[in-house]
Amino acid sequence: MEVRDLHAWPSTPAEAEAIQERLRPMLELDAPGPAKPRTVAGLDVSYAGDGGGTGTRLAAAVVVLDSATLHVVEESVAVGTAAFPYVPGLFAFRELPTLLEALRDLKTTPDLLVCDGFGVAHPRRFGLACHLGVLTGVPTIGVGKTAFVGAYEPPGRRRGDTSPLLDGGQVVGRVLRTRDDVKPVFVSVGHRTDLDTACRNVLDLTPGYRLPETTRRADRLSRDALSG
């Protein structure tokens, strides 16, 4: 899979924030997303130990699924180390170098990337899903387990119920119930998709569990790579 080299890797938070500010205008946030993607890839990263500090061993996994059957089409995993410190809002710079290595090894170019994280639901409106979308050119969404920014009212109790995630008076995502009476997930767009389509795709990827099958399988693959 092709990934563009658009910047050097930063060594300081100020350099990282400058990269986010420079790349943000490249986002395509008004484009309709893939309503029926044929293949969807999940991306996740697992850390050794508590995951803190630099030099921590990590494994980045990408699992491509057939969206109709949710069967695995292709898997890729890369093991590396976190070269950037943990700084809220800059978490992508810890994970991206190894994630991109795993993506480059894919023979399949997925129709949609689903990140365990955030897109525009981010202090600078440029989370991991946005960054990956710009570097790959592929429609990308973020599905977070908890909210990073913003405020919201709880959605209804039934699968498919939603409420807006608001930050600074702006809708930056949607709180989506994927299972009846189970904690919701937080969906935000990253690149080349709209929020309605993103939520429909997340529901298609959650036939039996709270989290998308893409995330669940990428999480398992990354954990297995660390323990192997």
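Residues numbered from 1 in each chain as written. Predicted model: local features only at pLDDT ≥ 70, side-chain atom pairs only at ≥ 80, totals over all residues. Heavy atoms only, no water.

**Some remarks on the UniProt feature "site: Interaction with target DNA" (unreviewed entry) in the protein chain**
Then, number 1: In the UniProt entry, the feature "site: Interaction with target DNA" (unreviewed entry) is given for Tyr-86.
Then, number 2: Turning to its location among the elements, Tyr-86 is positioned in the loop between β3 (72-81) and α2 (92-104). (UniProt positions renumbered as here; feature names shortened; annotations may be inferred. Helix = DSSP H or I, 4+ residues; strand = E, 2+ residues; numbered from the N terminus.)

**Overview of the packing of aromatic side chains**
Then, number 1: According to the stated counting rule, one finds six aromatic pairs in the structure shown.
Then, number 2: Relative to Phe-93, the ring of Trp-9 has its centre 6.5 Å away and its plane inclined at 80°; by these criteria the two rings are edge-to-face. In this pair, Trp-9 sits in the segment before α1 (13-23) while Phe-93 sits in helix α2, placing the two residues 84 residues apart along the sequence.
Then, number 3: Owing to a relative accessible area of 3%, Phe-93 belongs among the buried residues under this scheme.
Then, number 4: Taking the centre distance of 5.9 Å and the plane angle of 35° together, the rings of Phe-118 and Phe-148 count as tilted. Residue Phe-118 is found in the loop between β4 (112-115) and α3 (128-136), and its partner Phe-148 is found in the loop between β5 (140-144) and β6 (162-167); the two are separated by 30 residues along the sequence. (Phe/Tyr/Trp six-rings, centres within 6.5 Å; stacked < 30°, edge-to-face > 60°. Buried < 20%, exposed > 50% of the residue type's maximum accessible area, 1.4 Å probe, protein only.)

**Re the environment of Gly-49**
Then, number 1: Its location among the elements puts Gly-49 in the loop between β1 (39-47) and β2 (57-66).
Then, number 2: As a C-alpha pair, Gly-49 and Arg-174 span 125 residues in sequence and 32 Å in three-dimensional space.

**Regarding unusual backbone geometry**
Then, number 1: Within the chain, Leu-70 stands out as a residue other than glycine whose phi angle is a positive 65°.
Then, number 2: Following the sequence through the fold, Leu-70 ends up in the loop between β2 and β3.
Then, number 3: Its relative accessible area of 11% is what places Leu-70 among the buried residues.
Then, number 4: Located in the positive-phi region is Arg-125, a residue other than glycine, with phi close to 55°.
Then, number 5: For Arg-125, the location among the structural elements is in the loop between β4 and α3.

**Observations concerning the pairing of β4**
Then, number 1: Where burial is concerned, the two faces of β4 agree: the one with Leu-112 and Val-114 and the one with Leu-113 and Cys-115 are both buried.
Then, number 2: Looking at chain direction, β1 and β4 are connected through four bridges and run parallel. From the neighbouring strand, Gly-42 faces β4, where its bridge partner is Val-114.
Then, number 3: Alignment of β4 against β5, held across three bridges, turns out to be parallel. From the neighbouring strand, Val-114 faces β5, where its bridge partner is Ile-141.
Then, number 4: Handedness of the β4-α3-β5 crossover: right-handed. (Pairing = 2+ DSSP bridges. Right-handed = clockwise from strand over helix to strand, strands pointing away.)

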